[in-house]
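Remarks on the overall topology
One-letter residues, chain by chain:
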Amino acid sequence: MSPPLLPSQLFLCYFTLFVVTLFFWGPDKVRRGLWDMLMYRSPAWSSQGVPAGPKKPPSELLGLQITLLCLGAVLSRAMAAAAYELLVLGGGSGGLAGARRAAELGARVALVEPHRLGGTCVNVGCVPKKVMWNAAVHAEFIHDHPDYGFETSGVRFNWRTIKEKRDAYVRRLNEIYENNLNKARIDIIHGYGKFTADPEPTIEVNGKKYTAPHILIATGGFPSVPPDSEVPGASLGITSDGFFELEELPRRSVIVGAGYIAVEIAGILSTLGSKSSLLIRRDKVLRTFDSLISTNCTQELENTGVEVWKHSRVQAVTKSPSGLLEVTVMSSAPGHKPTMEVIRDVDCLLWAVGREPNSKDLCLDRVGVEVDARGHVVVDKFQNTSRKGVYAVGDVCGRALLTPVAIAAGRKLAIRLFGGQRDAHLDYSNIPTVVFSHPPIGTVGLTEDEAIFAHGKDNVKIYTTSFTPLYHAVTQRKVKCVMKLVCAGKEEKVVGLHMQGLGCDEMLQGFAVAIKMGATKADFDNTVAIHPTSAEELVTMR
Amino acid sequence: SAASPGAWRGAAARCRTRRGCAVQRKPEYDLLVIGGGSGGLACAKEAAQFGRKVAVLDYVEPSPPGTKWGLGGTCVNVGCIPKKLMHQAALLGSALKDAQILSLSALFLFHSCSSSLNVRLCCFLPNRKVKYFNVKGSFSDPHTIRGLTKGGKETILTAEKIVIATGGRPKYPIHVAGALEYGITSDDLFWLKESPGKTLVVGASYISLECAGFLTGIGLDTTVMMRSIPLRGFDQQMASLVTEYMESYGTKFLKKCIPTKVEKLESNRLQVTWKNTDSGTEETDSFDTVMWAVGRAPDTKALNLETVGVKTNSETGKIIVDAREATSVPHIYAVGDITEGRPELTPTAIAAGKLLAQRLFGQSSELMDYDNVPTTVFTPLEYGCVGLSEEKAVQCYGSDNIEVYHAYYKPLEFTVAERDATQCYMKMVCLREREQRILGLHFIGPNAGEVIQGFALGIKCGATYPQLMKTIGIHPTCAEEITKLHITKRSGLDATVTGC
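As recorded in an unreviewed UniProt entry, chain B goes by the name thioredoxin-disulfide reductase (NADPH), listed as coming from Anser brachyrhynchus. Recorded under Sequence similarities (unreviewed entry), the UniProt text for chain B is reproduced unchanged: "Belongs to the class-I pyridine nucleotide-disulfide oxidoreductase family."

Going by the annotation in an unreviewed UniProt entry, the name recorded for chain A is Glutathione reductase, with Anser brachyrhynchus given as the source organism. Among the UniProt annotations of chain A, the heading Catalytic activity (unreviewed entry) holds the following wording: "2 glutathione + NADP(+) = glutathione disulfide + NADPH + H(+)".

As structure tokens, this is what we get:
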């Protein structure tokens with residue numbers, strides 16, 4: 001099916017149709033006038049009483065042919081201009097960015113999205129998460145108020161208030177995205193797009209077929225839950241998606257997982273006042289991060305009151321008659337006998353054990369787009385899939401599951417396809433990441449272990465510091481800030497930066513620019529500090 | 001007094017004999033630092049690391065209202081540190097507003113400030129290699145310093161090399177009656193035992209705006225009186241956004257006003273009279289506290305610099321130094337606020353002091369680079385910047401040769417709290433040529449200090465606009481907006497950020 005036409009094209013079509021209708025079924029006088037015009041005569045209605053001029057040889061067939069030719073030309077031109085050049089599956093960060101950039105470069109784009117625009121980030125990810133984190137930070141600050149001279153007795157927290165405000169904000173963002181697409185003349189096709197078995201890659205949405213020379217898969221992912229066959233009663237738990245639907249602050253929360261999503265949610269729930277347990281399989285959280293971070297973060301979680309169950313797995317989940325959950329946990333620390341314990345009266349069991357790509361229902365096999373064992377779409381550095389004309393960006397590819405990465409990859413692809421820059425692709429090295437834990441974590445580049453693996457132990461120099469930020473100089477609650485610079489080679493090029501502490505979230509971005517540029521330790525030292533900040537510690541490390 | 005000329009003569013005589021000895025014997029110290037502030041201590045500590053014999057002289061002349069403090073200089077006692085703590089208290093105050101708590105009673109925390117800072121001070125002179133004298137030093141000859149204790153006891157110290165790092169102190173206006181008797185300065189503000197109450201802050205420097213900002217933040221009725229423009233020397237578009245935000249935050253501004261007199265009323269309040277230069281009228285109001293923030297000046301007089309021939313700028317009184325921080329006398333150096341034409345910032349003083357010690361004793365030739373010094377003004381909405389202001393860039397390169405990228409953004413924490421983010425703004429000044437090297441970066445928003453530091457490093461490394469664009473953002477932060485800057489001022493397009 002062809003895409004809808006632009007208003008001007010529509011007008012031309014309707015006008016032609018209108019004229020044709022008049023020609024065959026209009027009042028005789030009009031029909032005769034039109035016929036005269038077609039025959040290169042002055043129309044009868046304007047020449048009343050005036051003798052008609054010399055008649056050209058009547059050639060009715062020729063006239064008709066010209067009419068039809070005109071009609072055909074107008075229609076076909078309109079159709080050609082309106083055919084889509086890019087179809088985007090998924091209205092999340094990556095898809096929206098790719099679609100908008102392509103449209104800016106003059107391409108006709110349609111975007112297929114079954115749900116609300118904005119994807120994971122806006123609806124059930126970064127944005128509402130950060131809002132909740134901000135709420136938790138307020139709660140932390142309240143502890144410090146007496147130290148800073150403010151009397152704050154009887155402060156109560158109302159989950160519903162922040163949930164309503166958060167939802168309203170997210171809805172506002174959804175509208176903004178829709179407006180942005182409309183402004184960019186991108187057509188939004190509401191529905192679930194699947195590939196068909198047509199010879200050319202084609203998408204079917206709600207029974208209608210769409211095609212384009214370029215199709216972008218940006219369908220993202222979803223949080224996984226262990227199957228009930230593995231953990232009986234697992235489906236009684238929720239995921240991060242469900243976290244954003246909670247109408248009340250849970251009294252007793254159990255979060256399963258050691259990744260950043262588990263750490264963030266455990267931190268938010270615990271800080272806002274839910275008794276929280278974090279169940280991890282080994283002895284530390286964030287095990288893919290630098291050891292400084294994973295050790296310190298585990299410690300900080302415990303300091304803030306999260307009960308961290310190490311070497312633990314959920315064995316079974318049951319629902320008690322009261323409607324609360326009972327979570328049976330097996331803990332087996334190395335060298336110890338496994339123990340079985342039950343956490344009772346749990347009103348929020350949350351699985352944060354990984355994310356899976358949204359690729360199964362796309363019928364990718366019909367177009368020959370290769371996926372890996374876990375269902376991630378396999379792409380090269382240009383985001384090309386194994387099928388020509390089909391591309392993928394973002395979480396569905398399973399690499400660096402971050403909003404800005406998807407956005408950047410989507411834009412680069414659009415620039416490559418429609419901007420004439422044939423070599424445009426995203427550089428996946430030195431991607432800065434922040435974990436909104438308490439306190440936040442910032443990290444970019446290689447971990448110490450990765451650097452030693454890549455450069456050899458003798459070529460890696462580590463600088464670390466640990467201090468109490470000025471903010472905590474006058475507070476009873478002390479939360480330290482730890483920082484590590486990983487340097488490689490004789491010139492001490494900074495290849496990794498890892499930190500956790502107050503303000504590290506906003507601190508990282510600029511340093512990421514410098515590290516991307518290849519800054520050395522000497523460059524760090526030559527930068528004048530900003531006093532008094534925590535960031536200045538990074539340029540004054542010894 | 002009658003005794004002093006005699007004492008002087010005696011001292012001079014002793015000096016002479018000492019000098020006589022000094023000619024034959026090596027001076028007592030390798031390095032003598034006058035002033036135990038950020039710059040002086042950094043220099044002394046660094047020199048001690050090279051195994052040199054170092055002495056630090058520090059003496060704090062009480063401020064007119066009588067405030068005095070110990071080692072550490074302006075920054076830790078009456079500057080950056082207590083200021084930032086008060087700023088944080090004020091932010092907590094506004095956080096309370098976000099949390100919709102109506103009653104807040106603010107108590108000052110100066111005492112807890114100062115006590116915890118003493119702990120911090122302990123780490124300043126960790127080794128016994130640096131000898132500390134709590135005396136007021138002045139030159140008696142080029143290698144000899146005469147120190148006087150509070151009680152008038154005299155110490156004579158000789159040194160091979162001498163570093164002057166005595167910093168500066170807030171100025172009082174000269175032609176305002178009652179200014180000195182009734183007014184205080186930033187030296188006193190942090191050591192007040194009680195809340196200053198309704199306060200008038202005179203001046204438009206960053207010190208004035210910062211103090212007024214946190215006083216407003218902790219719930220006090222605060223007014224800023226300024227003669228002309230705010231934050232002279234800073235980018236003026238940013239400066240006006242800073243004051244605009246402060247106005248919406250509750251700080252009152254008396255613009256184009258010059259104070260004429262301060263009187264004490266029977267109620268113990270202070271009545272301030274000023275002239276409005278716009279309307280030409282005279283106006284008056286009463287305050288509990290009047291704080292002068294009309295600039296800072298060095299205290300070079302007491303150093304007796306003329307005797308040894310150290311040249312100063314006659315207008316500012318500051319010591320003239322070259323790129324090596326050397327004064328007009330070869331073995332006498334100066335760092336920090338007392339030096340002419342240098343930024344009055346703790347980190348520059350520290351860095352300059354350290355580098356100086358490395359050059360003097362460590363066979364280094366590295367000079368302090370005063371370009372691209374980042375700084376942050378801790379007003380209620382923080383303003384961080386590095387490099388050139390837009391005006392300065394236009395002046396240096398011409399408006400046709402620079403490109404200014406800018407954006408009005410909304411921090412996420414403002415959105416949900418429905419706070420006004422009209423002044424959350426950033427701009428990046430680049431050269432317009434193909435490479436688009438970044439000349440300056442200006443950022444107004446929460447955590448500006450933490451945001452700008454890393455970018456300062458990048459800009460120091462010569463970052464260009466395309467390089468900045470290559471860096472992936474961190475979502476959702478305010479800092480990421482800098483890596484997304486794409487609207488130029490030249491284009492005239494709306495610079496408001498909409499969504500991701």
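After presenting the structure, the write-up continues.
Take the side chain of Lys-460 of chain B next. You can see Lys-460 of chain B is positioned in helix H14 (residues 448-460). In this structure the side chain of Lys-460 of chain B is engaged in a polar contact, spanning 3.2 Å, whose partner is the backbone oxygen of Asp-371 of chain B.

According to the stated counting rule, one finds 13 aromatic pairs over all chains in the structure shown. A connected cluster of aromatic rings, assembled from ring pairs, spans Phe-141, Tyr-148 and Tyr-471 of chain A. Above the plane of the ring of Phe-253 of chain B lies Lys-255 of chain B, whose end atom (NZ or CZ) is 5.7 Å from the centre.

What follows is about the sheet that holds strand E4 (residues 193-195) of chain A. Consider a sheet: its strands pair through backbone hydrogen bonds, and that pairing is either parallel or antiparallel. All names here are of chain A. Pairing is antiparallel across the open sheet formed by 3 strands, whose spatial order is E4-E5-E6. Every other strand in the sheet has two partners, leaving E4 and strand E6 (208-211) as the edge strands with one partner each. Between one strand axis and the next, the sheet turns through 35° on average, direction left out of account. Of the pairings in the sheet, the one linking strand E5 (residues 202-205) to E6 comprises 4 bridges and is antiparallel in character. Each residue of the ladder has a partner; that of Val-205, found in E6, is Lys-208.

What follows concerns the pairing of strand E14 (residues 282-287) of chain B. All names here are of chain B. Bridge analysis of strand E13 (residues 270-276) against E14 gives 6 bridges, and the strand direction is antiparallel. Across the sheet, the residue bridging to Lys-275 is Glu-282, located in E14. Hairpin connection of E13 to E14: 5 residues between the antiparallel strands, including Gly-280 at a positive phi of 75°.

What follows is about the UniProt feature "active site" (unreviewed entry) in chain A. Residues and elements named next belong to chain A. UniProt's feature table lists "active site" (unreviewed entry) at His-531, given in the numbering used throughout. Among the structural elements, His-531 can be located in the segment after helix H14 (521-526). Judged by its relative accessible area of 14%, His-531 is buried. Within the local environment of His-531, its side chain forms a polar contact with the side chain of Glu-536, the two groups lying 2.8 Å apart.

So, about the packing of helix H8 (residues 206-217) of chain B against helix H9 (residues 236-249) of chain B. Residue and element names in this part refer to chain B. Viewed as axis vectors pointing N to C, H8 and H9 meet at an angle of 20°, and their least axial separation amounts to 10 Å. Taken together, H8 and H9 sit at an angle that is classed as roughly parallel. Crossing hand, H8 versus H9: left-handed. Across the interface between the two elements, Leu-209, Ala-212, Gly-213, Thr-216 and Gly-217 of H8 pack against Val-242, Thr-243, Met-246 and Tyr-249 of H9. Its residues placed into classes, the contact of H8 with H9 shows 5 nonpolar, 4 polar and no charged.

Cut-offs applied
Residues numbered from 1 in each chain as written. Chains lettered and ligands numbered in written order. Predicted model: local features only at pLDDT ≥ 70, side-chain atom pairs only at ≥ 80, totals over all residues. Heavy atoms only, no water. UniProt positions renumbered as here; feature names shortened; annotations may be inferred. Helix = DSSP H or I, 4+ residues; strand = E, 2+ residues; numbered from the N terminus. Polar contact = N/O pair within 3.5 Å; in protein donor to acceptor, adjacent residues only side chain to side chain. Phe/Tyr/Trp six-rings, centres within 6.5 Å; stacked < 30°, edge-to-face > 60°. Lys NZ or Arg CZ within 6 Å of the ring centre and 35° of its normal. Pairing = 2+ DSSP bridges. Axes fitted to C-alpha atoms, helices over the stretch in contact; angles between N-to-C directions. Buried < 20%, exposed > 50% of the residue type's maximum accessible area, 1.4 Å probe, protein only. Parallel < 35°, antiparallel > 145°, perpendicular 65-115°, else oblique. Left-handed = near helix turned anticlockwise from the far one by under 90°. Contact = heavy atoms within 4.5 Å. Nonpolar A, V, L, I, M, F, W, Y, C, P; charged D, E, K, R; others polar.

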